[in-house]
2 protein chains.
Amino acid sequence: MYDAVIVGAGILGLATAYHIKELRPNDRILVIDKLKGPGQGNTAKSAAMFRTFFSSRTNLLLAKTSIEFYEYVEKKLGYDLGMRWTGYLFLITEEEYKRNKPVLQTMKNMGLEYKIYDADYLAKTLNINVKVSQDEEAQMMGLVDIDYGLFIPRAGCIDVDSLVKFYEQELRKKNVEIKCGVEAKELIVEPKEPLELPGEPYPWQEASVTGVRTNIGDIKAKKVILATGAWTPLLLDKIGIDCHIKAKKRQIFSIKADKESLKKLLYTKGFNPENCMPFLILPKPKIWIKPALEEKAIWIGLADEFPREFKVEDDPQPEMNFYEYGLYPVIIKYLPQFKDARPYSSWAGLYAINTIDEQPIIFETHGVLVVSGASGSGIMKADAIGRIAAALYAGMEYAELSGGERIKTTTFSIEKRETEPERFVL
Amino acid sequence: MYDAVIVGAGILGLATAYHIKELRPNDRILVIDKLKGPGQGNTAKSAAMFRTFFSSRTNLLLAKTSIEFYEYVEKKLGYDLGMRWTGYLFLITEEEYKRNKPVLQTMKNMGLEYKIYDADYLAKTLNINVKVSQDEEAQMMGLVDIDYGLFIPRAGCIDVDSLVKFYEQELRKKNVEIKCGVEAKELIVEPKEPLELPGEPYPWQEASVTGVRTNIGDIKAKKVILATGAWTPLLLDKIGIDCHIKAKKRQIFSIKADKESLKKLLYTKGFNPENCMPFLILPKPKIWIKPALEEKAIWIGLADEFPREFKVEDDPQPEMNFYEYGLYPVIIKYLPQFKDARPYSSWAGLYAINTIDEQPIIFETHGVLVVSGASGSGIMKADAIGRIAAALYAGMEYAELSGGERIKTTTFSIEKRETEPERFVL
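All values reported here derive from a predicted model rather than from experimental measurement.

1. Some thoughts on the packing of helix 3 (residues 57-75) of chain A against helix 11 (residues 378-393) of chain A
Residue and element names in this part refer to chain A.
Stage number 1. Interhelical geometry of helix 3 versus helix 11 gives an angle of 100° and a closest axis separation of 7 Å. For the element pair helix 3 / helix 11, the angle class is roughly perpendicular. For the pair helix 3 and helix 11, contact is made by Asn59, Leu62, Ala63, Thr65, Ser66, Ile67, Phe69 and Tyr70 and by Ile379, Met380, Lys381, Ala382, Asp383, Ala384, Ile385, Arg387 and Ile388, respectively.

Shown next, in the form of structure tokens:
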């Protein structure tokens, strides 16, 4: 009998297991995952970017303390997590700048750093074509001129595989069992006092989740923890619990920076200590462009909304048409360096989007604890999310985040949710 | 080209069509339904109870004005809707009564009527066994003693078929087309300026819903209105819009009142002008028991939650085990009259549960207007919901409800939702 079985060895499941062992070193914890190894699901598909720049107190706390923990892991525990402080550079319009000025001022007062570059500087340093509005095709596509660059230095990327490895190694040291190739088919619900009635529990019986039914048999535990990301609603719908999570496909296209113009872009100096281009975000649609230094490549993606379907799928595929007609025609208007660029690699994963406010979902009901719905920010918030889930598991009212700040364990629940809406939206 | 195509001729689709024609008599409106006639889906499966007794301003307004409209339809328009003022009688514990006292006082101040009966009176008039706690089986089932009856006179039932007929006949008079046997397979999304690109619209294109793809071909309309109840997420998920609605099966079991003891219960005098038993709600689990006078029967049901699954299905079936092990053993403890009673008829439908607050969802986005999620209160709130949806369709800021009271058309939207939580919860 396990104290807890954690379903899902993605980044949230691993972080949760890690922090449970910090709080309850003697508890018997099992982590199961349907894939061949930890972190091979949507965790592995991530763009793996992070920023510590949010207006929402709750968003900021999760990201900031998690990033600080990863820095601690690198500096004090000696793990190389491949953190690179590339910065984020939002390419924005006059209108966007004006609209966000009040919230940016508030954020400055909170101690968050940013810098504004003018269009000329962007054109000069990154060879961005900031004026697209005269171009007939660009007009037809509704593209807008870039007036400013909003640069955020406390931001960058991390190597997800290394982060997964760190957690995995630490969990093995702490005697946490990780069983891969084990798929949770459904949650086991049992009455507290079983009477062997067909189809029990009935409404007059007290009942709760007591385990998971898997391809290798039933696994019982005092607590079942779902860190199942985009798959969560499949398990919870079956027992009538809404987790407010829906799955949406996200795609990444990787372009080799072998052409001289792309190489020049990738290794643009002056923005960050890595001497590379910052993570760029175009104005509209908000295509992002990431320096992927290890592969000498540039990654491209876009979190498209309407009419991109909500759909849980096991093996989501990137769509070449999406690159060719959705991304490429926009990118070359702003960054002619990409002319004729074609992906040498591409993949797709699923965001587990919490449709209430796109902040994580961490709650417990009927014996099951849910930690999911990070809505695409799972990597950058995993440590804090894991701490909160672990504290909730341990029955604590507050979780202590990296650096010592405390947060109520119900902050990201459904019934007592106290998230602060994000007002920095570009 | 229609001004609006309304998908779903259930009660909400019909009421919406009716009120659109009141506001926009010249608009060309088509109502489609996948079944053979209007109101044959979950509308027909309803217990068809109503009450004008809610603490939430929004709940109350919807129910109260809708019921007033139905009374107007009966008295002024001369339709027999089969309204019967049976009243609701909540059988409650001391603890429940104490807990609800403050909210009941508030409701009394709002002009809402109720009456408290003591246990002796209930035992005497309805032959209810109010003391179950000495019974060993009842104890094992966790059943509690009944201390009071909370009676609500402004409540009863309506004949759903008659209500559907009323709307249908009025719609035909107003030249609204109703096409049955037409199933909406998916929503058509098109860019404002089509370029014939494979897979368009792309993220740089403005796009919206322009029609529905059906088994008889594409139907285009200036506005698509989804009154698709429990099926709504199937259509909206495909275009990445979350309506916060999940489907849950609800079952009704009908018992013939042919036995003397049941006949006596059914025709209990003293509670209402119908000279029949009131609609009863047991304390825990909250099984309800309805006088079905037309059939000389008594209906029984229970809106069970955990672990009843969320699932959209076309032909949900009642489960005899649910009656036999879930309802029957509880009922006979309180109402021994039901000893050996077996359903002569039973059926199941789907609630379209809005998992935010169980109040309706009425919003418009990307060219599609959604009116669903009444969470089991669709019949008793249909007129008001239809008025709000119609006003939203007509671009009005406020809807005028029956009786003249106005309410913001965004009150039940997702982004600008202003529902008041229900505090009268038994």
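Moving on from the model shown.
2. Some points on the interface of chain B and chain A
Stage number 1. Taken together, the 39 residues of chain B in the interface contact 39 residues of chain A.
Stage number 2. Taking both partners together, chain B and chain A bury about 3,400 Å²; carbon and sulfur atoms supply 68% of that area.
Stage number 3. By the criterion of area lost to chain A, the three top residues of chain B are Trp204, Phe306 and Tyr325 of chain B, representing 23% of everything that side buries.
Stage number 4. Inspection of the region where chain B meets chain A yields 4 salt bridges.
Stage number 5. Two residues, Lys246 of chain B and Asp237 of chain A, come together in a salt bridge whose shortest N-O distance is 2.6 Å.
Stage number 6. Viewed at the interface, chain A and chain B are joined by 14 residue pairs in polar contact (both at pLDDT 80 or more).
Stage number 7. If you list the elements that add at least two residues to the side of chain B that touches chain A, you get strand 10 (207-214), helix 8 (232-237), strand 12 (245-256) and helix 10 (320-334) of chain B.

3. Notes on the relation of the copies chain B and chain A
Superposition of the two copies of the chain requires a rotation about an axis together with a shift along that axis.
Stage number 1. Of the transformation placing chain B onto chain A, the axial shift is 0.0 Å and the rotation is 180°, giving an RMSD of 0.0 Å. Between the two chains, the operation in question is that of a two-fold axis. Closest approach to the rotation axis among the C-alpha atoms of chain B is made by His244 of chain B, whose C-alpha sits 3.8 Å away.
Stage number 2. In this assembly the copies share their binding face: 100% of the residues contributing to the interface of chain B also contribute to that of chain A.

4. Comments concerning the sheet that holds strand 6 (residues 148-152) of chain B
Residues and elements named next belong to chain B.
Stage number 1. Strand order in this open sheet of 8 strands is 5-6-4-13-14-15-12-16, and the pairing throughout is mixed. The open sheet has two free edges, formed respectively by strand 5 (115-118) and strand 16 (345-354), since each of these has just one partner strand. Averaged over neighbouring strand pairs, the angle between their axes works out to 25° when direction is ignored.
Stage number 2. Where strand 4 (residues 88-92) lies against strand 13 (residues 279-281), 3 bridges are found, and the strand directions are parallel. Looking at the pairing, Phe90 lines up with Ile281 of strand 13.

5. Re the sheet that holds strand 6 (residues 148-152) of chain A
All names here are of chain A.
Stage number 1. Across the sheet, which stays open at both edges, the 8 strands sit in the order 5-6-4-13-14-15-12-16 with mixed pairing between neighbours. The open sheet has two free edges, formed respectively by strand 5 (115-118) and strand 16 (345-354), since each of these has just one partner strand. Each strand of the sheet is rotated relative to its neighbour by a mean of 25°, with strand direction disregarded.
Stage number 2. Here strand 14 (residues 288-292) pairs with strand 15 (residues 297-301) via 5 bridges, running antiparallel. Looking at strand 15, one finds that Trp288 is bridged to Gly301.
Stage number 3. Across the sheet, helix 4 (residues 94-109) lies against strand 4 (88-92), strand 5 and strand 6, angled at about 125° from strand 4, the strand it touches most.
Stage number 4. Running at roughly 65° to strand 12 (residues 245-256), helix 10 (residues 320-334) makes contact with strand 12, strand 15 and strand 16 of the sheet.

6. Brief notes about the environment of Glu177 of chain A
All names here are of chain A.
Stage number 1. Within the secondary structure, Glu177 is located in strand 8 (residues 177-180).
Stage number 2. Among the residues examined, Glu177 registers a relative accessible area of 29% and is labelled partly exposed.
Stage number 3. Excluding anything up to four places from it in sequence, Glu177 contacts Tyr2, Arg28, Ile29, Leu30 and Val31.
Stage number 4. At 2.9 Å, the side chain of Glu177 forms a polar contact with the side chain of Tyr2.

7. Quick word on the domain arrangement of chain A
Residue and element names in this part refer to chain A.
Stage number 1. Split into domains, chain A comes out as domain 1 (2-78 + 160-244 + 356-408) and domain 2 (88-152 + 247-354).
Stage number 2. A straight line from the C-alpha centre of domain 1 to that of domain 2 covers 31 Å.
Stage number 3. Taken together, the 30 residues of domain 1 in the interface contact 27 residues of domain 2.
Stage number 4. When the two sides are added together, the surface that domain 1 and domain 2 hide from each other amounts to roughly 2,300 Å², 64% of it contributed by carbon and sulfur.

Each value, and the rule that gives it
Residues numbered from 1 in each chain as written. Chains lettered and ligands numbered in written order. Predicted model: local features only at pLDDT ≥ 70, side-chain atom pairs only at ≥ 80, totals over all residues. Heavy atoms only, no water. Axes fitted to C-alpha atoms, helices over the stretch in contact; angles between N-to-C directions. Helix = DSSP H or I, 4+ residues; strand = E, 2+ residues; numbered from the N terminus. Parallel < 35°, antiparallel > 145°, perpendicular 65-115°, else oblique. Contact = heavy atoms within 4.5 Å. Buried area = accessible area lost by both parts, 1.4 Å probe. Salt bridge = Lys/Arg side-chain N within 4 Å of Asp/Glu carboxyl O. Polar contact = N/O pair within 3.5 Å; in protein donor to acceptor, adjacent residues only side chain to side chain. Least-squares fit on C-alpha atoms with pLDDT ≥ 70 in both. Pairing = 2+ DSSP bridges. Buried < 20%, exposed > 50% of the residue type's maximum accessible area, 1.4 Å probe, protein only. Domains from an automatic or database assignment.

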